[in-house]
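Results of the structural survey
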Amino acid sequence: MAVGVFDLFSIGIGPSSSHTVGPMRAAAVFAGELKESGALDRVASLRVDLYGSLAATGRGHGTMTAVLLGLEGYHPEVILPEEVEERLASIAGTGTLNLAGAVDPGAGPESGVALPYGESDMILHPLTVLPRHTNGMKFSVSGADGEVLHEATFFSVGGGFIVREGEEDAARKELEESKKELPLPFRTAAELMGRCASKGLGISDIMFINERASRSEEEIREGLLHIWSVMEACVETSLKREGVLPGGLKVRRRAPDWHERLLKETKDQDPDYRDPKYWQEWVNLIALAVNEENASGGRVVTAPTNGAAGIIPAVLYYALHFAPGMDKATQADRDDVVVKFLLAAGAVGVLYKEQASISGAEVGCQGEVGSASSMAAAGLAEVMGGSPAQVENAAEIAMEHNLGLTCDPIGGLVQIPCIERNAIAAAKAINAAKMALWGDGTHRVSLDEVIVTMRETGKDMSSKYKETAMGGLAVNVVEC
């Protein structure tokens, strides 16, 4: 299917869309296929092979545990953090995996197969990169006689998207065919600008018309408002947590203390009042809160990835609380801003997904934080009244100044520099939107040129700077 806004903004769990959400999704697909094949009852052994970046930073990114949950049949869109903890404790305590037990919700644990599981059943190949993508994984189950009953290889290509080995061409063909069904298809920013000009519409309008090809107007609106509600809930949950983040780096949670301090600054005001002079502190707070929750394995929205999940919520928060006129906005007005913002951001996200990559393991953090910053800048410029040319300019400025951004997480954890990087990129997005809105939309460098440059820069970037924890801060900072 053509990439849409609900593909780019999907609900899952932390800490990584490519290393947690994607592998869980792939493992769940494998478990479902195994159950449908009728061979589940004959399974006696399991083997999982993880390659490249999944093996190199999988422990810090929760890849191994995500795979186990997926093999039990759980999907990232529906599993809750408390269920994650419960099932992982059970697997660790019993040494038994309930293979495909959750494929059919409500069917009960007896619907799966209790399979002995040990760490030796998951083989890591950090120095082996499969041809299609660095995030490769292979699942295989065998019977008591050693006969292979079912096997499959998948690639987690960023943002929770997965591709099966051998089906790349078919998937690409299906994508192209499905795009033909869209009323106003586009692959490049130039095509998108052309659609806007010929129809006299804004970028969010073009995206909305395309989304209507598969959903009703009411479903689109309700779906996007639900996405925003999950983002808000993520912040609220994070602000109630204290202490340090899991993983061994002993990174202290800052969001709760920052929130308390900001509230004290406006204690004599209405609870909903936000002092404009503290706009950047509020933006920082939202970005930090989301990414601290992501680092905890909490419930987040890929936007477009988990590692960059705090940028769009932070900039959308700015739009709702600090953009001109929002102090007098009704709830209906605010809902309109959310819908319009996410549609415009989604349209720009499609450009990155179509022309380049949103995978840190493929192009570095420029593909994650850079893409999110660009999307957020476009969303903000759109809701602040920007023309299509100004919105495209905002997106271009934001990415241009994230080019070359490396992915070098310390300890393979989505914590340092990831959490602060989201706050910095959110501020970049706001500045990019403001710069674009002070211009007339004309600019020397196009968004398409910047996207191609990002893709080529990612290809040239050394693999040690692409989510392997083998370069940069990951090797120059002592973990403990």
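See above for the structure.
Report on the accompanying structure. Position labels on residues start from 1 in each chain and follow its written sequence. Per-residue local features of the predicted model are confined to residues with pLDDT of at least 70, and side-chain atom pairs are confined, for both listing and counting, to 80 or more; whole-chain, interface and lining totals are unaffected and use all residues. Side-chain metrics in this entry use all non-hydrogen atoms of the structure; hydrogen atoms and water are not considered.

Looking at the overall build of the chain
Under the convention used in this document: For the purposes of this entry, the term helix denotes a DSSP run of H or I that reaches at least four residues, the term strand denotes a run of E that reaches at least two, and both are numbered from the N terminus. Based on C-alpha atoms, the radius of gyration is set beside the globule rule, defined as 2.2 Å times the residue count to the power 0.38. Categorising residues by exposure relies on relative accessible area from a 1.4 Å probe, with only protein chains included: less than 20% of the type maximum marks a residue as buried, more than 50% marks it as exposed, and the intermediate range marks it as partly exposed. We call two residues contacting when some pair of their heavy atoms lies within 4.5 Å. The Shrake-Rupley method, run with a 1.4 Å probe sphere, supplies the accessible areas, and residue values consider only the shown protein chains as cover. The charged-residue count follows a simple rule in which Lys and Arg add positive charge and Asp and Glu add negative charge, with His and chain termini not counted at all. For charged residues, the charge sits on one atom: NZ in Lys, CZ in Arg, CG in Asp, CD in Glu.
Within the chain one finds 20 helices and nine strands. Over its C-alpha trace the chain gives a radius of gyration of 22 Å, about what one expects of a compact globule, namely 23 Å for 480 residues. Oriented by its inertia axes, the alpha-carbon framework of the chain measures out at about 70 × 50 × 45 Å. Within the chain, buried positions represent 58% of all 480 residues. When contacts within the chain are restricted to residue pairs at least 6 apart in sequence, those whose partners lie at least 24 apart make up 76%. Within the structure as shown, the chain displays about 19,800 Å² of accessible surface, and the carbon and sulfur contribution to it stands at 51%. Distance between charge centres in the chain, computed from 43 positive and 66 negative side chains, equals 4 Å.

Focus: the packing of helix 16 (residues 369–383) against helix 18 (residues 418–437)
Counted only if it meets this: A fitted line through C-alpha atoms serves as each axis, taken over the contacting stretch for helices, and the angle formed by two N-to-C directions is quoted from 0 to 180°. Orientation is classified from the angle alone, with under 35 degrees giving roughly parallel, over 145 giving roughly antiparallel, 65 to 115 giving roughly perpendicular, and any other angle giving oblique. Two helices that cross are described as forming a left-handed crossing if the nearer one is turned anticlockwise from the farther one by less than a right angle, and a right-handed crossing if clockwise. Under the grouping applied here, Gly and all other residues not named as nonpolar or charged are polar, the nonpolar ones being Ala, Val, Leu, Ile, Met, Phe, Trp, Tyr, Cys and Pro and the charged ones Asp, Glu, Lys and Arg.
Interaxial distance between helix 16 and helix 18 falls to 8 Å at its minimum, and their mutual angle equals 40 degrees. If you check the angle between helix 16 and helix 18, you find them oblique. In the packing of helix 16 onto helix 18, the handedness of the crossing is right-handed. The segment helix 16 lies against helix 18, with Val369, Ser373, Ala376, Ala377, Leu380 and Ala381 engaging Arg421, Asn422, Ala425, Lys428, Ala429, Ile430, Ala432, Ala433 and Leu437. A per-class count over the contact of helix 16 with helix 18 returns 11 nonpolar, two polar and two charged.

Quick word on unusual backbone geometry
Residue Pro15 follows Gly14 across a cis peptide bond; omega there is 10 degrees. Mapped onto the elements, Pro15 comes out in the loop between strand 1 (11–13) and helix 2 (17–37). Of note, the bond from Ile416 into Pro417 is cis; its omega dihedral lies within 30 degrees of zero at 10 degrees. By secondary structure assignment, the location of Pro417 is in the loop between helix 17 (388–400) and helix 18. Even without a glycine there, the phi angle at Ala100 is positive, about 65 degrees. A positive phi angle, close to 60 degrees, is found at Lys250, a residue other than glycine. Take Lys250: it is sitting in the loop between helix 10 (217–239) and helix 11 (255–265). Note on Lys250: relative accessible area 67%, which makes it exposed.

Looking at helix 17
Going by this rule: Here the expected length of a helix is defined as 1.5 Å per residue gap, with one fewer gap than residues.
Counted at 1.5 Å a residue, the expected span for helix 17 with its 13 residues is 18 Å, and the 18 Å between its end C-alpha atoms agrees. Taken together, the buried positions of helix 17 are occupied by Gln390, Val391, Glu392, Asn393, Ala394, Ala395, Glu396, Ile397, Ala398 and Met399. Lining the buried residues of helix 17 we find helix 8 (189–199), helix 9 (203–211), helix 14 (331–355), helix 16, helix 18 and helix 19 (447–460).

Structural notes on the pattern of salt bridges
Note the following rule: Throughout this description, the term salt bridge denotes a Lys or Arg side-chain nitrogen within 4 Å of a carboxyl oxygen of Asp or Glu.
Applying the stated criterion to the full structure yields 16 salt bridges. Of the charged contacts, one joins Glu217 and Arg212 as a salt bridge, the two residues approaching to 3.0 Å between their closest N and O atoms. Linking Glu420 and Arg254 is a salt bridge whose minimum nitrogen-to-oxygen distance equals 2.9 Å. Linking Glu420 in helix 18 with Arg254 in the loop between helix 10 and helix 11, this pair joins segments that are 166 residues apart in sequence. Salt bridges here are not isolated pairs; linked through shared partners, they connect Glu33, Arg164 and Glu167.

Structural notes on the packing of aromatic side chains
Which entries qualify depends on this criterion: Only rings of Phe, Tyr and Trp enter the pairing, Trp through its six-membered ring, and a pair is recorded when the two centres are within 6.5 Å. The plane angle decides the type: under 30 degrees is stacked, over 60 is edge-to-face, the rest tilted.
Overall, the coordinates contain five aromatic pairs when judged by the stated rule. Here Trp279 and Tyr318 contribute two aromatic rings whose centre-to-centre distance is 5.3 Å and whose plane-to-plane angle is 70 degrees, an arrangement assigned as edge-to-face. With Trp279 in helix 12 (residues 279–295) and Tyr318 in helix 13 (residues 311–321), this residue pair connects regions lying 39 residues apart in the sequence. Its relative accessible area of 5% is what places Tyr318 among the buried residues.

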